[in-house]
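This is what each chain is made of:
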Amino acid sequence: MEIIYASNYEDMSRKAAIAIAQQVIKKPTSVMGFATGSTPLRTYEILIEFHRQGIVDFSSINTFNLDEYVGLPSNHPQSYSFFMFKNLFRQIQLDPSRIHIPSGTASDLLQECAVYEEAIQSLGGIDFQLLGLGPNGHIGFNEPGTHLNSVTHVVSLSQETIKANSRFFSSLEEVPKRAITMGIKSIMNTRKIILLVSGEKKAEIVHRTLSGPINEEVPASVLQLHPNTTVIIDQSIL
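Every value quoted in this text rests on a predicted model; they were computed, and no experiment measured them.

S.K.: Please explain the packing of aromatic side chains as it appears in this structure.
M.R.: Within a pair of aromatic rings, the relevant descriptors are the distance that separates the centres and the angle that separates the planes. In the structure shown here, the tally under the stated rule is eight aromatic pairs. Judged by centre distance (5.7 Å) and plane angle (90°), the rings of phenylalanine 34 and tyrosine 44 are edge-to-face. Here phenylalanine 34 is found in strand 2 (residues 31-34), whereas its partner tyrosine 44 is found in helix 2 (residues 41-52), with 10 residues between them in sequence. Accessibility expressed as a relative area gives 2% for phenylalanine 34, which makes it buried. Taken together, a centroid distance of 5.7 Å and an interplanar angle of 40° make the contact between tyrosine 69 and phenylalanine 141 tilted.

This is how it looks when you write it as structure tokens:
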């Protein structure tokens, strides 16, 4: 595991964007895994700048998103599908046929999980996965207690996660209680991982992630075992 300390959020975001651009330039047909939330927003803005400047062409990549809320249609302003199209995909003119996001309104959620996992495998697996770190150590929506051998599955969100995400909704009651998420095994099977850590509440959990015991209580701790993970930390939080 490589650990890089960025001077601030902007520096962290630019380092991540450069790494993503380098991956796509090196392999234009890369299968890319993306995350949502406030942490990667600036990274996506910089990628859009790279696209507009002609630095990198994203037209041949395929993408998989980590997760989606159960019960929110793709056009809901707080769905992760809406987030990704608004903040990245539409701006880089990516063909929708190359975009894969779990459906939170599928009639059979278990089947949706199986199909999603199969789609990842059908494209040869994910080359590069961008991750954020949840305040309780979750990656994707793999909450504490998630089996380390899990693949794409439906999860009940913890009260801590629901509370943390309520800032994006009008009230706590509106936050979905379940989500579809890539499993920990799904994430660990990716070839390259970058974990972004920013936010003043993350200081304790990043320490437990990087140097604490590897266990299901801190799901992100499993990244210590990944052969090609880089952690970029906004050192202003420490």
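After that view, the rundown keeps rolling.
S.K.: Even after reading the chapter, I still don't get helix 2, so can you show me in this structure?
M.R.: An α-helical segment advances 3.6 residues per turn. Residues three or four places apart therefore align on the same side. Across its 12 residues, helix 2 extends 17 Å between first and last C-alpha, which sits within 8% of the 16 Å expected from 1.5 Å per residue. Within helix 2, burial applies to Arg42, Thr43, Tyr44, Ile46, Leu47, Ile48 and Phe50. Next to the buried residues of helix 2 lie helix 1 (9-26), strand 2, helix 3 (80-89), strand 6 (128-132) and strand 9 (192-197). Looking one or two residues past helix 2, glycine 54 carries a phi angle of roughly 75°, positive in sign.

S.K.: Explanation requested: the pairing of strand 9 in the structure shown.
M.R.: Each regular strand shows side chains that alternate between the opposite faces of the sheet. Within strand 9, six of the six residues are buried, leaving the element largely enclosed by the surrounding structure. Burial of the side chains of strand 9 extends over both faces: Lys192, Ile194 and Leu196 are buried on one face and Ile193, Leu195 and Val197 on the other. Relative to strand 9, strand 6 runs parallel, the two being bridged by five bridges. What sits directly across from glycine 132, in strand 9, is leucine 196. Where strand 9 and strand 10 (residues 229-234) come together, five bridges link them in parallel fashion. Residue pairing in the sheet places isoleucine 193 in a bridge with threonine 229 of strand 10. Following the backbone out of strand 9, through helix 7 (residues 203-211) and into the adjacent parallel strand 10, one traces a crossover that is right-handed.

S.K.: Explanation requested: the sheet that holds strand 7 (residues 153-156) in the structure shown.
M.R.: As a general point, the strands of a sheet are linked pairwise by backbone hydrogen bonds and lie either parallel or antiparallel. The strand order across the open sheet formed by three strands is 4-8-7, and the pairing between neighbours is antiparallel. Only two strands of the sheet have a single partner each, and these edge strands are strand 4 (67-69) and strand 7. Between one strand axis and the next, the sheet turns by 25° as a mean value, whatever way the strands run. One ladder, built from four bridges, connects strand 7 with strand 8 (residues 178-181); its direction is antiparallel. Opposite valine 155, over in strand 8, you have alanine 179 as the bridge partner.

Reading the values: rules and limits
Residues numbered from 1 in each chain as written. Predicted model: local features only at pLDDT ≥ 70, side-chain atom pairs only at ≥ 80, totals over all residues. Heavy atoms only, no water. Phe/Tyr/Trp six-rings, centres within 6.5 Å; stacked < 30°, edge-to-face > 60°. Helix = DSSP H or I, 4+ residues; strand = E, 2+ residues; numbered from the N terminus. Buried < 20%, exposed > 50% of the residue type's maximum accessible area, 1.4 Å probe, protein only. Expected span 1.5 Å × (residues − 1). Contact = heavy atoms within 4.5 Å. Pairing = 2+ DSSP bridges. Right-handed = clockwise from strand over helix to strand, strands pointing away. Axes fitted to C-alpha atoms, helices over the stretch in contact; angles between N-to-C directions.

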